[in-house]
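As a plain string of letters, each chain reads:
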Amino acid sequence: MSPTTLPAERVARFHALEAARFLADHPRCAALHAKAQRHFLFGVPLHWMADAPTPVPLYVDRAQGARLFDVDGHEVIDFCLGDTGAMFGHGPAPIARTLAEHGADGATTMLPSTIALDVADLLEQRFGLPMWQFTATASDANRFVLRWARAITQRRHIVVFNGCYHGTVDDVFVDLDAQGATHTRPSLLGQVHDLTAYTRVVEFNDLDALRNALAAGDVACVLTEPVLTNIGMVLPEPGFLEAVRRLTREYGALLVIDETHTLSCGPGGYCRANGLQPDVLILGKPIAGGTPGAAYGFTAEVGARMQAAKAAAAPGHSGIGTTLSAGLLTLRLMRAMLSEVMTEAAYAHMFAVAQQVADGLEGVIASHGLRWTVTRIGARCEVQFAPQRPRNGSEARAAFDHALEPALQLALLNRGVLLTPFHNMLLASPAHTAADVEALIGAFDDALTALQAD
């Protein structure tokens, strides 16, 4: 048996036992799922909820702090936190207070407000960029920024990294195949246009490939997370992002950094913590307290070019912006998050908890004789089924085990702990405690013991 893999038959037997245990413990979830088939695709209100590792979905009754309470009466320690949307815990007191105090003051007017100015000031103080626009989601923010980048550079091409994730933006659903050729992801539904015509894909941490992609001088922007997070965590090698910044300037392309997930790296995200200076910055998910809300910030020079491009265009819709963006209630929630929730003290606690998680997971993995890797940055940790940390998207993708991963996550849920589905990611929040970490490590150890039993 390889120290990085487990026999397929053993994994399948383990998964079957854990699935039976879940169904026995969750009769109400099973009944609701049967009823939901009438109304929802695959029995869920968002179809990819059906991709969770459970045999039927876990129906949640309520969430508070670092806890979920399901309809069958179970209390679950939540290390998924809505895949970052609730990174600071479910229902932080300032968010609950803001909703209670201002729920009757209007949600959306499609007009500016003093609240918007407050939020822009807080964003500039935290992230260092003077100009901002608001959107409903980070997907929208990324989509609109690509349109702006092409408008102000008069260039059609963009560059992304293999294995990237920037929400539901058509242009980024491309990868490299085994031969290094760019292709549209086969999972993408209903795609008509050839995405490879204007999107170039290179491997993360490969500066030669990036230079080649930029060399023709026709790239509007490079769009990237500072750490790849959705293909499994891939850290930038020392000096890589600084070199990306130099290359984009050399070839006249904008550098767009998507910090939606890497807000877990500090109060000013990865960029502020590491001195990286993008042209445009994307923020989403937790920025409005787990409600729909996102923002993109940019330099004054980029802002001037945006205004010039819009002024020169024909009258009409620019293809940028949606009616429910920058609503009063959303901005009040952003203000509460930035001023009261996303504090230095909160991050210090999150980092300490995340370090305890990483250390504990590494100890359990070693005690079971497995050569798996634990990667941590800020409040985010991930277990990858590989002996070394991957250095690019291809290596991270190769580390996936599509049988073992859901089996292990289901076993952990049966033991009272929720991880992020699709990959083994954990987030530490201000609400997590040392006891929560002990429970996680104990559950992980118990699950591996059961998995390895003959």
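Computed from a prediction, not measured in an experiment: that's the story for all the values here.

Draft legend 1. Spotlight on the overall build of the protein chain. Scanning the protein chain from N- to C-terminus turns up 14 helices and 16 strands. In terms of overall size, the protein chain behaves like a compact globule, its C-alpha atoms giving a radius of gyration of 22 Å where 454 residues would be expected to give roughly 22 Å. In terms of its C-alpha atoms, the protein chain occupies a principal-axis envelope of roughly 70 × 55 × 45 Å. For the protein chain, the proportion of its 454 residues judged to be buried stands at 54%. When contacts within the protein chain are restricted to residue pairs at least 6 apart in sequence, those whose partners lie at least 24 apart make up 73%. For the protein chain, the accessible surface area stands at approximately 19,300 Å², while carbon and sulfur atoms represent 56% of it. For the protein chain, the distance from the average site of its 34 positive side-chain charges to the average site of its 46 negative ones is 5 Å.

Draft legend 2. Structural context of the sheet that holds strand β10 (residues 254–258). The mixed open sheet is built from seven strands, whose spatial order is β4-β12-β11-β10-β9-β5-β8. At either end of the open sheet lies a strand with only one pairing partner, and these are β4 (131–135) and β8 (199–202). Taken over all neighbouring pairs, the strand axes of this sheet differ in orientation by 20° on average, direction set aside. Two strands pair when backbone bridges link them, and β10 and strand β11 (residues 280–283) are joined in this way by three bridges, in the parallel orientation. Within β11, the position partnered with I257 by the bridge is L281. Against the sheet, helix α5 (residues 138–153) contacts β4, β5 (157–161), β9 (219–224), β10, β11 and β12 (294–298), and its axis sits at roughly 155° relative to β9. Contacts from helix α7 (residues 240–250) reach β5, β9 and β10, with the element oriented near 145° to β10.

Draft legend 3. Structural view of the pairing of β10. In terms of burial, β10 is largely enclosed, as five of its five residues are buried. In β10, alternate side chains face the same way, and those of L254, V256 and D258 on one face and L255 and I257 on the other are all buried. By the bridge criterion, four bridges tie β9 to β10 in an arrangement that is parallel. By the bridge assignment, L223 is partnered in β10 with V256. Viewed along the sheet, the connection from β9 through α7 into β10 turns out right-handed. Crossover β10 to β11 through helix α8 (residues 269–274) is right-handed.

Draft legend 4. Geometry of a nonpolar patch on the surface. Residues L46, W48, M49 and F422 make up a contiguous nonpolar surface patch of roughly 370 Å² in combined accessible area. As for its placement among the helices and strands, W48 is situated in the loop between α2 (27–36) and β1 (60–64). On the accessibility criterion, W48 (40% relative accessible area) is partly exposed.

Draft legend 5. Expanded view of the environment of H368. Checked against the element boundaries, H368 lands in the loop between α11 (344–367) and β13 (373–377). Given the relative accessible area of 15%, H368 is considered buried. Look past the residues within four positions of H368 in its chain and what remains in contact with it is D445, L448, T449 and Q452.

Draft legend 6. Structural detail: the sheet that holds strand β15 (residues 417–418). Here four strands make up an open sheet; going across it, the order is β1-β2-β3-β15 and the pairing mixed. A single partner strand is all that each edge strand has here, and the edge strands are β1 and β15. Sheet topology places β1 next to strand β2 (residues 67–70); four bridges connect them, and they run antiparallel. Paired with V60 across the two strands is D70, which belongs to β2.

Draft legend 7. Layout of the packing of helix α1 (residues 8–25) against helix α14 (residues 434–452). Two elements in contact, α1 and α14, have axes separated by 9 Å at closest approach and are oriented at 120°. By the criterion of interaxial angle, the relationship of α1 to α14 is oblique. For the pair formed by α1 and α14, the contact residues are R10, V11 and F14 on the first element and A447, A450, L451 and Q452 on the second. Grouping the amino acids of the contact of α1 with α14 by side-chain chemistry returns five nonpolar, one polar and one charged.

Draft legend 8. Geometry of the packing of aromatic side chains. Taken as a whole and judged by the stated rule, the model has nine aromatic pairs. Seen in terms of ring centroids, W48 and F422 are 6.4 Å apart; in terms of plane orientation they differ by 70°. Their pairing is edge-to-face. Taken together, the residues W48 in the loop between α2 and β1 and F422 in the loop between β15 and β16 (425–427) connect sequence positions 374 residues apart. Residue F422 is classed as partly exposed on the basis of its relative accessible area of 38%. Three or more aromatic residues joined by ring pairs form one cluster here, namely F88, Y347 and F351.

Draft legend 9. Molecular detail of the pattern of salt bridges. For the coordinates displayed, the defined rule picks out 17 salt bridges. Ionic pairing is found between E18 and R415, a salt bridge with its closest N-O pair at 3.1 Å. Taken together, the residues E18 in helix α1 and R415 in the loop between α13 (404–414) and β15 connect sequence positions 397 residues apart. Each of the two residues, E18 as well as R415, counts as buried. One salt bridge in this structure joins E101 and R97, with 4.0 Å as the shortest N-O distance. Separated by four residues within a single helix, E101 and R97 lie in helix α3 (residues 93–102), roughly one turn from each other. A residue is classified by how much of its surface remains accessible, and R97, at 35% relative accessible area, is partly exposed. When salt bridges with common partners are traced through the structure, they connect E18, R415 and D446 into a single cluster.

Draft legend 10. Local environment of the layout of surface pockets. Approximately 650 Å³ is the volume attributed to the second largest pocket. If you go around the second largest pocket, you meet 27 residues; those closest to its centre are W132, Q133, F134, S325 and A326. Of all the secondary-structure elements, those providing two or more residues to the lining of the second largest pocket are α4 (114–127), β4, α5, β12 and α9 (300–312). It is β4 that contributes the most residues to the lining of the second largest pocket, five residues altogether. Class assignment of the residues belonging to the lining of the second largest pocket gives a composition of 17 nonpolar, nine polar and one charged.

About the criteria used
- Residues numbered from 1 in each chain as written.
- Predicted model: local features only at pLDDT ≥ 70, side-chain atom pairs only at ≥ 80, totals over all residues.
- Heavy atoms only, no water.
- Helix = DSSP H or I, 4+ residues; strand = E, 2+ residues; numbered from the N terminus.
- Rg over C-alpha atoms; globule rule 2.2 N^0.38 Å.
- Buried < 20%, exposed > 50% of the residue type's maximum accessible area, 1.4 Å probe, protein only.
- Contact = heavy atoms within 4.5 Å.
- Areas by Shrake-Rupley, 256 points an atom, 1.4 Å probe, with all protein chains shown as cover.
- Lys, Arg positive; Asp, Glu negative; His and termini not counted.
- Charge placed at Lys NZ, Arg CZ, Asp CG, Glu CD.
- Pairing = 2+ DSSP bridges.
- Axes fitted to C-alpha atoms, helices over the stretch in contact; angles between N-to-C directions.
- Right-handed = clockwise from strand over helix to strand, strands pointing away.
- Patch = residues over 30% accessible without salt bridge, like charges linked within 9 Å, V, L, I, M, F, W, Y side chains within 5 Å.
- Salt bridge = Lys/Arg side-chain N within 4 Å of Asp/Glu carboxyl O.
- Parallel < 35°, antiparallel > 145°, perpendicular 65-115°, else oblique.
- Nonpolar A, V, L, I, M, F, W, Y, C, P; charged D, E, K, R; others polar.
- Phe/Tyr/Trp six-rings, centres within 6.5 Å; stacked < 30°, edge-to-face > 60°.
- 1 Å grid on protein atoms, 1.4 Å probe; cavity = no way out; pocket = protein on both sides within 12 Å on 5 of 7 lines; lining within 4 Å.
- Points joined across faces, edges and corners; volume = space filled by probe spheres on them.

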